[in-house]
Amino acid sequence: VVYNPNSSGFKEYMVTKLKSPLIVGHSYRLTYYIQNPPNYRGYVGNGIGAYFSKTRPVQKSNECLNVKAQFIQQETEVLTQWTKKTTEFTADEAYA
């Protein structure tokens with residue numbers, strides 16, 4: 001999720017199903033890679049987040065999803081190379 005807390009503007013979503021539900025109280029590591037496109041023209045996202053749910057989110061048109069990410073990282077630097085980012089979180093529900 002490309003995240004902007006001060007705007008209802010542009011966001012991008014990726015969706016995947018987990019292999020098995022998360023176990024409540026267990027810690028999990030979320031790892032992803034991020035890079036600005038070579039021709040980014042000064043436009044960059046100002047954060048990235050992850051939202052876990054028990055059901056698939058539904059986007060009816062181009063509106064932003066009305067969900068709250070469990071993980072948000074403010075990302076304001078311009079990354080010209082693929083950069084690995086890792087965070088840990090504890091599951092508070094059995095997200096699937």
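Our structure is the block above this text.
This section reports on the structure supplied with the text. Just so it is clear, the structure is predicted and the values come from calculations on it, not from any experiment.

1. Things to note about the overall build of the chain
Argument step 1. The secondary structure content of the chain amounts to zero helices and four strands.
Argument step 2. Listing each helix as α and each strand as β along the chain from the N terminus yields β-β-β-β.
Argument step 3. Taking all 96 residues of the chain together, 21% fall into the buried category.
Argument step 4. Within the chain, contacts between residues separated by at least 24 positions form 77% of all contacts whose residues are at least 6 apart in sequence.
Argument step 5. Accessible area of the chain: about 7500 Å², with a carbon and sulfur share of 50%.

2. Some points on the pairing of strand 2 (residues 47–50)
Argument step 1. Here strand 2 shows a buried face lined by G47 and G49 and a second buried face lined by I48 and A50.
Argument step 2. Looking at chain direction, strand 2 and strand 3 (residues 71–74) are connected through four bridges and run antiparallel. Note that in strand 3 the partner of A50 across the bridge is F71.

3. Description of the pattern of salt bridges
Argument step 1. Here the structure, examined in full by the defined rule, presents two salt bridges.
Argument step 2. Across the pair R29 and E88 runs a salt bridge whose closest N-O atoms are separated by 3.0 Å. Within this pair, whereas R29 is found in strand 1 (residues 27–34), its partner E88 is found in strand 4 (residues 83–90), the two being separated by 59 residues in sequence. Comparing R29 with E88 shows no difference in burial state: the two are exposed.
Argument step 3. With a closest N to O distance of 3.4 Å, K54 and E93 form a salt bridge. With K54 in the loop between strand 2 and strand 3 and E93 in the segment after strand 4, this residue pair connects regions lying 39 residues apart in the sequence.
Argument step 4. Taking the relative accessible area as the measure of exposure, K54 reaches 52% and is therefore exposed.

Reading the values: rules and limits
Residues numbered from 1 in each chain as written. Predicted model: local features only at pLDDT ≥ 70, side-chain atom pairs only at ≥ 80, totals over all residues. Heavy atoms only, no water. Helix = DSSP H or I, 4+ residues; strand = E, 2+ residues; numbered from the N terminus. Buried < 20%, exposed > 50% of the residue type's maximum accessible area, 1.4 Å probe, protein only. Contact = heavy atoms within 4.5 Å. Areas by Shrake-Rupley, 256 points an atom, 1.4 Å probe, with all protein chains shown as cover. Pairing = 2+ DSSP bridges. Salt bridge = Lys/Arg side-chain N within 4 Å of Asp/Glu carboxyl O.

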